[in-house]
Amino acid sequence: MEILQRPILTEKASALTEKANRFTFRVDHRANKLQIKSAIEQMYGVNIVALNTMVVQGKAKSRNTKAGLVTGRSPKYKKAIVTLKDGETIDYYANI
């Protein structure tokens, strides 16, 4: 099971990083907080102060086609917000 899928790089996540030293990741929906914490500490070599997780529900999507209106949903996913110790940071592009 690949616990960390990718970092979330949105305006809201960037604002959290700048103001509160909090970083956001998309994670496997079966992973618990202890697994997520150890995976991030091992991959980036940082100390985690707090970890919050949430399941983001998928949005309803619709589009017009020749056959008429087609509706569906985007998939849900689990998100982890990590608060790091003061003075530490994560460089997303260092482990590529």
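(A) Fine view of the sheet that holds strand E2 (residues 22-27). Strand order in this open sheet of 4 strands is E1-E2-E6-E3, and the pairing throughout is antiparallel. Edge strands, defined here as strands with exactly one partner in the open sheet, are strand E1 (4-7) and strand E3 (48-56). Each strand axis lies, on average, 30 degrees off the axis of its neighbour in the sheet, ignoring direction. Pairing of E1 with E2 involves 3 bridges; the strand directions are antiparallel. Each bridged residue has a counterpart across the sheet, and for leucine 4 the counterpart in E2 is valine 27. Taken strand by strand, helix H1 (residues 11-20) contacts E2 and strand E6 (77-84), and its axis lies near 145 degrees from that of E2. Contacts from helix H2 (residues 33-44) reach E1, E2, E3 and E6, with the element oriented near 125 degrees to E3.

(B) Up close: the environment of isoleucine 81. By the element assignment, isoleucine 81 lies in strand E6. Classification of isoleucine 81 as buried rests on a relative accessible area of 9%. With sequence-adjacent residues up to four places away left out, isoleucine 81 is seen in contact with Leu16, Arg22, Phe23, Thr24, Ala50, Leu51, Asn52 and Met54.

(C) Looking closely at the packing of aromatic side chains. Counting across every chain of the model gives 3 aromatic pairs. Ring geometry for phenylalanine 23 and tyrosine 92: centres 6.0 Å apart, planes at 80 degrees, overall edge-to-face. Taken as a pair, phenylalanine 23 in strand E2 and tyrosine 92 in the segment after E6 lie far apart in primary sequence, 69 residues in all. One exposure class covers both phenylalanine 23 and tyrosine 92, and it is buried. Ring plane angle 80 degrees and centroid distance 5.8 Å describe the contact between phenylalanine 25 and tyrosine 92, whose orientation is recorded as edge-to-face. Of this pair, phenylalanine 25 sits in strand E2 while tyrosine 92 sits in the segment after E6, and the two are 67 residues apart along the sequence. In this structure, phenylalanine 25 and tyrosine 92 share a single accessibility class: buried. Among the aromatic residues, those joined into a cluster by ring pairs are Phe23, Phe25, Tyr44 and Tyr92.

Conventions used here
- Residues numbered from 1 in each chain as written.
- Predicted model: local features only at pLDDT ≥ 70, side-chain atom pairs only at ≥ 80, totals over all residues.
- Heavy atoms only, no water.
- Pairing = 2+ DSSP bridges.
- Helix = DSSP H or I, 4+ residues; strand = E, 2+ residues; numbered from the N terminus.
- Axes fitted to C-alpha atoms, helices over the stretch in contact; angles between N-to-C directions.
- Contact = heavy atoms within 4.5 Å.
- Buried < 20%, exposed > 50% of the residue type's maximum accessible area, 1.4 Å probe, protein only.
- Phe/Tyr/Trp six-rings, centres within 6.5 Å; stacked < 30°, edge-to-face > 60°.

Note that every value here comes from positions in space, so none of it alone points to a role or purpose.
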